[in-house]
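# Remarks on the overall topology
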Amino acid sequence: MIALLLILVPLLSGIITFFIKKEEGARTWSLLSAIATFIIAIIGFTCYSNTAALSFKAHWMGILNSSFSLSADGMGAMLCMLTGISFPLIFVSTWNTVYKKAHNFLGLMLLAQAGLMGVFLAMDALLFYFFWELALIPVYFICSQWGGEKRIKITFKFFIYTFIGSLLMLVGILYIYSKTNSFDITAFYNSNLPLKEQMWVFWLFFLAFAIKMPIFPFHTWQPDAYEQSPTAATMVLSGIMVKMGVLGLLRWLLPVLPLASFSWGDTVSTMAVIGIVYASLIAFQQDDMKRLVAYSSIAHIGLMCVAVFAENKSALQGTMIQMFSHGINILGMWIIVEIIERKFGTRKMSELGGIAKTAPVLTIFFFIIAFANIALPLTNAFIGEFLMFNGILGVNPQISKYGIPLAVTAGLGIILGAVYTLKMARKVFLGETNSLTEQGTDIVFHEKAILGIIAVTIIVAGVYPQPLLHSFEDITNSILHKSDVLHLLKPAKH
Amino acid sequence: MNALVLSAILGVVMMFSGVVFQKNAPIKTTGIIAMILLFLANCMEMRGIRFFKFDVSGFMAFDSYALFFNGIAIFATLIYLLITSSQMEKVGKNFADYLALIFFIIAGITITTSFKSLLTLFLGIEIISIPLYILTGADKKNLKSNEAALKYFLMGSFSTGIMLMGIALIYGSQGTFTIDKMNFTVAAKSTLHIAGMLFLLFAMSFKASVAPFHFWTPDVYDGAPTVFTSFMATIVKAAVFVGFVRLFGGAFGKLEDTWSIWVAIMIAATLFVGNITAVFQQSVKRMLSYSSIAQAGFLLFGVYAMNDAAREGLLIYSAAYCLATIGIFAVLSKMTDYSFEGFNGLAKHQPVLAFTTTICLLSLAGIPLTAGFLGKFYMLKAAIMTGQHLWLVIFAVVMAAVSVYYYFRVIQAMYFKEGPVQSVAASSFEKYTLIAVCVLIILLGIFPGTFLGWLYF
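Residues numbered from 1 in each chain as written. Chains lettered and ligands numbered in written order. Predicted model: local features only at pLDDT ≥ 70, side-chain atom pairs only at ≥ 80, totals over all residues. Heavy atoms only, no water.

As recorded in an unreviewed UniProt entry, chain B goes by the name NADH-quinone oxidoreductase subunit N, listed as coming from Niabella yanshanensis. Quoted verbatim from the Sequence similarities (unreviewed entry) heading of the UniProt record, the comment on chain B is "Belongs to the complex I subunit 2 family." Looking at the Catalytic activity (unreviewed entry) heading of the UniProt record, one finds this comment for chain B: "a quinone + NADH + 5 H(+)(in) = a quinol + NAD(+) + 4 H(+)(out)". (UniProt positions renumbered as here; feature names shortened; annotations may be inferred.)

If you look chain A up in an unreviewed UniProt entry, it shows as NADH-quinone oxidoreductase subunit M from Niabella yanshanensis. Recorded in UniProt for chain A, the comment headed Sequence similarities (unreviewed entry) runs: "Belongs to the complex I subunit 4 family."

Spelled out as structure tokens, the structure:
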């Protein structure tokens with residue numbers, strides 16, 4: 001029931017929001033709905049082991065053997081909670097941003113939330129595809145209508161990219177369906193396609209996920225889309241939507257096509273590592289804060305991709321916890337960028353400087369988030385990155401011989417990450433004030449509150465990650481069990 | 001049978017209604033009531049109630065598949081009349097005759113969907129085509145319309161000739177026109193037969209505007225009065241495809257290895273030509289005619305795959321495609337400027353029209369939660385189930401993504417750009433009908449089970 005509510009509450013309240021023409025009313029209504037969803041998500045997370053409460057199954061398309069089947073495992077519950085916590089924070093942080101026809105904007109945001117929840121919970125391939133698209137379409141409308149100057153062209157590119165990915169995934173889903181005759185996830189897990197078929201079905205799925213995440217060289221839509229979208233949509237895109245791709249890898253790719261994931265693992269990891277270094281180098285060159293954060297996001301996501309294909313417990317646990325951490329950290333980053341942009345009317349680092357003098361509280365929060373972004377110990381990202389590197393270095397040599405080169409190159413990305421993040425800190429917050437930043441004031445109460453929540457989450461998850469890690473235990477084991485290639489290959493050798 | 005006989009009778013009735021009534025309004029009412037009667041008569045036949053009992057066993061078979069498709073076609077025509085009949089009045093003075101011709105076309109459709117003999121197929125196709133030639137030229141004073149009609153007629157006659165030639169060759173090799181009596185074992189694979197089959201393939205491809213036999217389509221669709229274009233591009237086209245599937249699935253199914261590769265190549269060519277040329281169009285009407293070629297590519301999967309999924313998919317695809325295209329052409333007939341710029345800012349001035357267009361375009365593009373997605377889904381499923389030529393499926397998917405490009409240009413223009421009012425206001429009745437179409441499209445997309453359930457009555 002909880003699983004169904006997580007989708008229904010935002011869906012219905014989103015539709016209602018379209019009809020609340022008064023801006024204040026629409027804002028309050030959507031915030032209340034988001035908080036309600038968050039509370040449901042917390043309840044869901046605390047009882048994640050109680051599968052009966054978190055599952056829902058109903059008749060849907062009987063003729064196709066597809067059912068409306070939802071369920072939350074540890075990973076699903078965590079991602080729902082991330083979605084749940086993000087939306088109230090997004091709504092509060094953009095409370096003062098003026099939108100034309102705010103009720104439509106907020107309605108679409110809530111619809112996107114419903115789609116995201118569906119993606120994280122769907123246990124039926126066709127349903128997964130439905131929600132995958134449902135999450136995308138509202139974002140298309142949001143970005144095209146409320147974005148920056150070049151929004152129409154850029155969003156269009158983003159839409160076509162992701163749509164082509166989704167359609168290829170649909171072909172993949174249908175291909176497996178033609179063998180299993182059911183869309184149920186367990187039927188997919190038991191499909192056991194021969195290696196030859198897995199080898200190319202892999203790419204049908206992987207392209208969809210890679211475009212969404214995005215992984216080099218399928219990332220070209222991302223920096224432009226992040227830059228041109230309204231910040232609230234950027235937060236959804238980068239904080240939550242990219243996790244759809246990672247979730248896809250973990251839930252739909254590795255266990256369904258284990259042999260192909262093993263065979264293509266090194267290729268994909270290499271692509272991701274190239275992406276990490278490349279994106280970090282470009283991030284270093286950026287003057288626009290939004291673009292810098294966008295490129296840094298490519299680097300962070302790339303690392304998750306490498307870790308997924310290392311296929312061991314440490315790496316997978318790291319990936320899962322990093323999904324949560326990255327969501328929180330990048331949300332914090334965007335909130336700060338949004339505040340700065342609203343205060344000074346620019347995102348260009350060259351025009352800013354010395355904000356620490358006029359806005360000390362904002363600066364403190366920025367540094368906490370920035371340290372989390374470069375994965376300093378005591379922050380949440382440290383736990384994730386540590387586990388991931390540990391996993392990549394300790395990769396079973398039968399799975400990949402390139403653990404050390406991959407880890408070393410990816411590590412370069414971490415160092416570069418520190419360089420560009422600190423460069424941003426120095427240029428924007430430290431140094432002398434100029435005529436533009438002199439007038440700045442510090443942040444107000446509700447901004448302090450949301451940044452406070454983010455900072456507390458960062459530190460708590462960094463110091464005491466055990467509850468999170470514990471909740472991933474089962475799902476990690478089950479993924480590893482289903483994608484245990486060495487075990488699968490053994491009988492073939494005899 | 002009910003629908004066939006009644007539509008022919010009602011066609012004559014409509015012709016005389018023009019003599020009896022002086023004004024258009026009663027004619028329109030008669031037409032709509034007649035269409036509802038026709039629909040009910042068809043539904044009754046689905047339940048086993050037959051009004052007419054002629055022995056047509058050698059020529060036609062009114063099986064549930066044909067009846068179901070007839071139901072879709074008649075229902076779509078009903079919606080079409082409800083939305084666009086006011087536009088039809090503006091084409092010329094002979095309003096009653098246009099309606100009569102539409103009824104005759106329905107009669108042709110019922111024959112095409114249920115033929116058992118090649119001669120009946122020929123009859124059906126011709127009964128569909130000849131009224132269409134007239135409707136294309138209905139706007140008598142418009143040169144473009146005249147040119148389109150002439151072009152359509154000449155090309156159509158040519159393809160009729162090819163079709164007859166094909167039928168003659170098959171008769172020569174088989175000694176019969178009746179499909180059931182033909183001998184399709186591989187031993188019967190004579191050159192004569194294969195040649196006849198290919199001629200039929202080409203002729204049907206022409207009627208269904210499949211590449212490389214599509215050249216007439218954009219000019220004819222562009223030249224014909226917009227109201228009739230929407231009829232031609234949707235209901236008629238879908239009916240031709242049902243005939244196509246019956247012919248190649250039922251009659252030539254056992255010789256699949258000879259023609260399936262040709263159909264596969266034709267699908268690829270149709271998708272490519274339709275989509276790529278649609279991208280470069282400046283007028284929405286022309287874009288829609290090229291996109292209808294592209295949609296024909298997807299419909300052709302029904303011919304290619306020839307399994308249960310394909311047969312069901314053809315019905316769903318036709319229903320989805322007819323609804324969406326009728327909806328969007330209804331909006332188009334309200335526009336004064338057919339270019340993409342003409343749609344600028346439509347959402348502000350005519351929110352209902354813009355909303356309808358959006359839903360219809362989303363459906364045509366195959367976005368989930370709409371009927372169009374389900375249609376595409378079924379076609380892809382059918383193609384994958386055959387287990388061969390997977391490149392074709394992937395190619396189709398890439399082309400579907402291309403189609404998003406031109407469909408979404410209209411949505412962009414309506415919602416994200418500013419512009420002056422370029423449209424005539426729709427009446428509230430038309431608005432409600434359009435909204436009903438949208439609701440149907442979405443319901444069909446979310447709960448296809450109910451719709452499909454009827455298939456197995």
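Once you've had a look at it, read on.
### Some thoughts on the overall build of chain A
Helix and strand counts for chain A come out as 21 helices and 2 strands. Here the C-alpha radius of gyration of chain A, 22 Å, is about what a compact globule of 494 residues would show, namely 23 Å. Dimensions of chain A, computed from C-alpha atoms along their principal axes, come out at roughly 75 × 50 × 40 Å. Split into buried and exposed, the 494 residues of chain A put 66% on the buried side. In chain A, the share of contacts with a sequence separation of at least 24, taken over all contacts with a separation of at least 6, comes to 83%. A total accessible area of about 16,600 Å² is found for chain A, and carbon and sulfur atoms account for 67% of it. If the 31 positive side-chain charges of chain A are averaged to one point and the 25 negative ones to another, these points end up 3 Å apart. (Helix = DSSP H or I, 4+ residues; strand = E, 2+ residues; numbered from the N terminus. Rg over C-alpha atoms; globule rule 2.2 N^0.38 Å. Buried < 20%, exposed > 50% of the residue type's maximum accessible area, 1.4 Å probe, protein only. Contact = heavy atoms within 4.5 Å. Areas by Shrake-Rupley, 256 points an atom, 1.4 Å probe, with all protein chains shown as cover. Lys, Arg positive; Asp, Glu negative; His and termini not counted. Charge placed at Lys NZ, Arg CZ, Asp CG, Glu CD.)

### Some details on the overall build of chain B
A tally of helices and strands in chain B yields 18 helices and 0 strands. Taken over the C-alpha trace, chain B has a radius of gyration of 21 Å; the compact-globule value for 457 residues is 23 Å, and the two agree within 12%. Over its C-alpha atoms, taken along the principal directions, chain B stretches across nearly 65 × 55 × 45 Å. Out of the 457 residues in chain B, the part that is buried amounts to 64%. Counting contacts in chain B only where the partners sit at least 6 residues apart, residues at least 24 apart contribute 82% of the total.

### Section: the pattern of salt bridges
Residues and elements named next belong to chain B. For the coordinates displayed, the defined rule picks out 23 salt bridges over all chains. Ionic pairing is found between Glu89 and Lys28, a salt bridge with its closest N-O pair at 3.7 Å. Residue Glu89 is found in helix α3 (residues 64-91), and its partner Lys28 is found in helix α2 (residues 24-46); the two are separated by 61 residues along the sequence. Accessibility expressed as a relative area gives 24% for Glu89, which makes it partly exposed. (Salt bridge = Lys/Arg side-chain N within 4 Å of Asp/Glu carboxyl O.)

### Looking at the interface of chain B and chain A
Opposite the 36 residues of chain B that make contact, chain A presents 32 residues. Of the roughly 3,100 Å² buried between chain B and chain A on both sides combined, carbon and sulfur atoms contribute 86%. For the chain B face of the interface with chain A, the top three residues by lost area are B:Phe377, B:Ile384 and B:Phe416, together amounting to 20%. Along the contact surface separating chain B from chain A lie 0 salt bridges. (Buried area = accessible area lost by both parts, 1.4 Å probe.)

### Observations concerning unusual backbone geometry
Residue A:Pro214 is bonded to the preceding A:Met213 through a cis peptide linkage, with omega at -10 degrees. Within the fold, A:Pro214 resides in the loop between α9 (195-212) and α10 (221-228). For the peptide bond that leads from B:Ala211 to B:Pro212, omega is 0 degrees, which places it in the cis range. For B:Pro212, the position within the fold is in the loop between α7 (191-207) and α8 (216-223). Even without being a glycine, A:Lys101 presents a positive backbone phi close to 50 degrees. Within the secondary structure layout, A:Lys101 lies in the loop between α4 (74-93) and α5 (102-121).

### Description of α7(B)
Residues and elements named next belong to chain B. Between its first and last C-alpha atoms α7 spans 24 Å; for 17 residues at 1.5 Å apiece the expected length is 24 Å, and the two agree. Of all the positions in α7, only His193, Ile194, Gly196, Met197, Leu200, Leu201, Ala203, Met204, Ser205, Phe206 and Lys207 are classed as buried. Where α7 is buried, its residues meet α5 (118-136), α6 (143-174), α8, α9 (226-251) and α10 (256-279). Downstream of α7 by a residue or two, Ser209 has a phi angle that is positive, lying close to 50 degrees. (Expected span 1.5 Å × (residues − 1).)

### A short note on the confidence of the model for chain B
For residues with low pLDDT, the predicted coordinates do not support detailed interpretation. Residues and elements named next belong to chain B. For chain B, the average pLDDT comes to 87, and 98% of its residues sit at 70 or higher. Across chain B, element-level confidence peaks in helix α4 (residues 95-112) with a mean pLDDT of 93 and bottoms out in helix α18 (residues 448-453) with 73. Scored as a complex, the prediction yields pTM 0.89 and ipTM 0.85. (pLDDT = per-residue confidence, 0-100.)

### Examining helix α15 (residues 371-386) of chain B
Compared with the 22 Å implied by 1.5 Å per residue over 16 residues, the 23 Å span of α15(B) between its first and last C-alpha is a close match. Burial analysis of α15(B) places 14 of its 16 residues in the buried class, which makes it a mostly covered element.

### Side note on the state of the cysteines
Residue and element names in this part refer to chain B. Under the defined criterion, the tally for this structure stands at 0 disulfides over all chains. We note that Cys43 lacks a disulfide partner, and the nearest cysteine sulfur, in Cys322, lies 16 Å from it. We classify Cys43 as partly exposed; its relative accessible area is 25%. With no disulfide of its own, Cys438 lies 5.3 Å from the sulfur of Cys360, the closest cysteine sulfur. (Disulfide = S-S within 2.5 Å.)

### With respect to the packing of aromatic side chains
Under the counting rule described, the total for this entry stands at 61 aromatic pairs over all chains. Relative to A:Trp146, the ring of A:Phe105 lies with its centre 5.2 Å away and its plane at 80 degrees, an arrangement referred to as edge-to-face. Taken together, the residues A:Phe105 in helix α5 and A:Trp146 in helix α6 (residues 125-146) connect sequence positions 41 residues apart. Assigned by exposure class, A:Phe105 and A:Trp146 land together as buried. Feature note: the residues A:Tyr129, A:Phe130, A:Tyr177, A:Phe183, B:Phe373, B:Phe377 and B:Tyr378 constitute an aromatic cluster, connected by ring pairs. Above the face of the B:Tyr65 ring, B:Arg311 is positioned so that its terminal group lies 4.4 Å from the ring centre. In this structure, B:Lys376 is placed above the aromatic ring of B:Phe298, and the distance from its NZ or CZ to the ring centre is 4.8 Å. (Phe/Tyr/Trp six-rings, centres within 6.5 Å; stacked < 30°, edge-to-face > 60°. Lys NZ or Arg CZ within 6 Å of the ring centre and 35° of its normal.)

### Points about the pairing of strand β2 (residues 66-71) of chain A
All names here are of chain A. Counted residue by residue, β2 has 6 buried out of 6 residues, so it is predominantly covered. Here strand β1 (residues 55-61) pairs with β2 via 6 bridges, running antiparallel. Across the sheet, residue His59 finds its bridge partner in β2, namely Ser67. (Pairing = 2+ DSSP bridges.)

### Things to note about the packing of helix α12 (residues 308-332) of chain B against helix α17 (residues 428-446) of chain B
All names here are of chain B. Where α12 meets α17, the axes come as close as 10 Å, and the angle between the chain directions of the two elements is 155 degrees. Viewed along their axes, α12 and α17 adopt a mutual orientation that is roughly antiparallel. When the axes of α12 and α17 are compared, the crossing they make is left-handed. Each of Ala319, Leu323, Ala324, Gly327, Ala330 and Val331 in α12 lies in contact with α17, whose residues at this interface are Leu434, Val437, Leu440, Ile441 and Leu444. (Axes fitted to C-alpha atoms, helices over the stretch in contact; angles between N-to-C directions. Parallel < 35°, antiparallel > 145°, perpendicular 65-115°, else oblique. Left-handed = near helix turned anticlockwise from the far one by under 90°.)

### Digging into the confidence of the model for chain A
Mean pLDDT over chain A: 86, with 97% of residues reaching 70 or higher. The secondary structure element of chain A with the lowest average pLDDT is helix α21 (residues 485-493) of chain A, at 65, and the one with the highest is α5(A), at 90.

### Details of the packing of α4(A) against helix α11 (residues 231-253) of chain A
All names here are of chain A. Interaxial distance between α4 and α11 falls to 10 Å at its minimum, and their mutual angle equals 175 degrees. Judged by the inter-axis angle, α4 sits roughly antiparallel to α11. On the side of α4, the interface is formed by Met75, Gly76, Leu79, Leu82, Thr83, Ser86, Phe87, Ile90 and Ser93, while α11 contributes Ala232, Met235, Val236, Gly239, Ile240, Lys243, Leu247, Leu250 and Arg251. Split by residue class, the contact of α4 with α11 holds 11 nonpolar, 5 polar and 2 charged. (Nonpolar A, V, L, I, M, F, W, Y, C, P; charged D, E, K, R; others polar.)

### Focus: the environment of A:Phe472
All names here are of chain A. Positionally, Phe472 belongs in helix α20 (residues 466-482). The buried category is assigned to Phe472, whose relative accessible area is 0%. Sequence-wise, Phe472 and Val277 are 195 residues apart; in three dimensions their C-alpha atoms are separated by 29 Å.

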